[in-house]
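If you want the building blocks of each chain, they are given just below.
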Amino acid sequence: MAIDPTLRDALSAVTPASLARALTRAGVKAFTPHGLSARGSGAVVGPAYTMRMIPARDDAAGDLAAAIDAVPDGAVVVIDAAASGLALPFGAILAARLAQRGAVGLVTDAALPDEIGIPAWSRPAAAGGTLALVGTQERVACGGAAIHPGDILVCESTGIVAVPAAIAERVALEAVEQQRLDLWIQREVERGATLASLLPPDAAALARFESETKPA
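Residues numbered from 1 in each chain as written. Predicted model: local features only at pLDDT ≥ 70, side-chain atom pairs only at ≥ 80, totals over all residues. Heavy atoms only, no water.

### Digging into the pairing of strand β5 (residues 120–123)
Alignment of strand β1 (residues 37–39) against β5, held across three bridges, turns out to be antiparallel. Paired with Ser37 across the bridge in β5 is Ser122. The pairing of strand β4 (residues 105–111) with β5 spans three bridges and is classified as parallel. Within β5, the residue paired with Val107 across the bridge is Trp121. (Pairing = 2+ DSSP bridges. Helix = DSSP H or I, 4+ residues; strand = E, 2+ residues; numbered from the N terminus.)

### As for the side chain of Asp109
Along the chain, Asp109 falls in strand β4. Arg123 provides the closest opposite charge to the buried, unpaired Asp109, separated from it by 5.9 Å. In this structure, Asp109 is in contact with Leu36, Ile79, Asp80, Ala81, Ala82, Ala83, Ser84, Gly85, Arg123, Ala141, Cys142 and Gly143, ignoring residues within four places of it in sequence. (Buried < 20%, exposed > 50% of the residue type's maximum accessible area, 1.4 Å probe, protein only. Lys, Arg positive; Asp, Glu negative; His and termini not counted. Salt bridge = Lys/Arg side-chain N within 4 Å of Asp/Glu carboxyl O. Contact = heavy atoms within 4.5 Å.)

### As for the packing of helix α5 (residues 168–190) against helix α6 (residues 203–213)
Close contact between α5 and α6 brings their axes to 11 Å; oriented N to C, the two are set at 105°. Classified by the angle between their axes, α5 and α6 sit roughly perpendicular to one another. Between α5 and α6, the contacting residues are Arg180, Leu181, Trp184 and Glu188 on the first element and Ala205, Leu206, Arg208, Phe209, Glu212 and Thr213 on the second. For the contact of α5 with α6, a count of residues per class yields five nonpolar, one polar and four charged. (Axes fitted to C-alpha atoms, helices over the stretch in contact; angles between N-to-C directions. Parallel < 35°, antiparallel > 145°, perpendicular 65-115°, else oblique. Nonpolar A, V, L, I, M, F, W, Y, C, P; charged D, E, K, R; others polar.)

### So, unusual backbone geometry
In this structure, Pro200 follows Leu199 across a cis peptide bond, with omega equal to -5°. Note on placement: Pro200 falls in the loop between α5 and α6. Look at Ala83: it is not a glycine, yet its phi comes out positive at around 55°. Inspection of the secondary structure puts Ala83 in the loop between β3 (76–80) and α4 (91–101). Despite not being glycine, Gln137 has its phi angle at roughly 50°, a positive value. Along the chain, the position of Gln137 falls in the loop between β6 (131–136) and β7 (140–142).

### A look at the nonpolar core
In terms of nonpolar packing, the biggest core is built from 25 residues, with Met51, Val71, Val77, Leu88, Leu98 and Leu106 touching the most fellow members. Looking at this core, the elements that each hand over two or more residues are β2 (44–55), α3 (64–69), β3, α4, β4 and β6. If we skip the residues at most four places from it in the chain, Leu106 touches Val76, Val77, Ile79, Leu88, Leu98, Leu112, Ile116, Pro119, Ala120 and Trp121. If you look at the next biggest cluster of nonpolar residues, it comprises 21 residues, including Ala10, Leu11, Val45 and Ile167. (Core = buried A, V, L, I, M, F, W, Y, C linked by side-chain atoms within 4.5 Å.)

### Points about the pairing of strand β10 (residues 159–163)
Most of β10 is tucked away, with five of its five residues classed as buried. Side-chain alternation along β10 places Gly159, Val161 and Val163 on one buried face and Ile160 and Ala162 on a second face that is also buried. Here strand β9 (residues 152–156) pairs with β10 via five bridges, running antiparallel. For Val154, the partnering residue across the bridge sits in β10 and is Val161.

### What about the environment of Val78?
Within the secondary structure layout, Val78 lies in strand β3. Looking at Val78, the relative accessible area reads 1%, which means it is buried. When the C-alpha positions of Val78 and Phe90 are compared, they lie 16 Å apart, and in sequence the two are 12 residues distant. For Val78, the contacting residues outside a window of four places in its chain are Ala48, Tyr49, Thr50, Met51, Val107, Val140, Cys142, Ile147 and Leu153.

### Notes on the UniProt feature "binding site: substrate" (unreviewed entry) in the protein
Annotation from UniProt places "binding site: substrate" (unreviewed entry) at Gly91, Ala92, Ile93 and Leu94. Tracing the sequence through the fold places Gly91 in helix α4. Overall, Gly91 belongs to the buried group, its relative accessible area being 6%. Positionally, Ile93 belongs in helix α4. (UniProt positions renumbered as here; feature names shortened; annotations may be inferred.)

Structure (structure tokens):
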């Protein structure tokens, strides 16, 4: 489930905001989970391994331990908890096992303990209750975003973006260029330029950008 190191480096080098703009231009919607808070520090990039959980009833549920043990090295585990905010069962223990499996991060709309030993993003705790596993490697919704198995998750303290694997390389290249342009615009504003020709940049501004930033 590993991704190409060059693609990982490109995605790691850009901000979630730059990625989001590139995805919007590509016509992709519902790709930015929101309402989730970072637990601990660190930025992660990896393919999504998805699980779906719902509030538990008395009938049988899936084998959560087996699902955790099936997580591949390098994955970002995405747990759809039906936006419940219920606590992830045995959250710290499961996160420790995920770390042993080589998972690089955890994104969920369940609640998590403050310290779990792996970069994670989650919701604040809601009312009491428990969760039961009902599916793995399905399309899920987490934090209001659609996440498909294999989507590449780029997670930072400033936000999370899900990039469809089929267009990840193109989006990464566009995001790198978008970030170069954003930084140039910021420098222009700091030098006293007005926003009229910069947001969005007109033809003259783009020509200056290309001239001033092209490799020597």
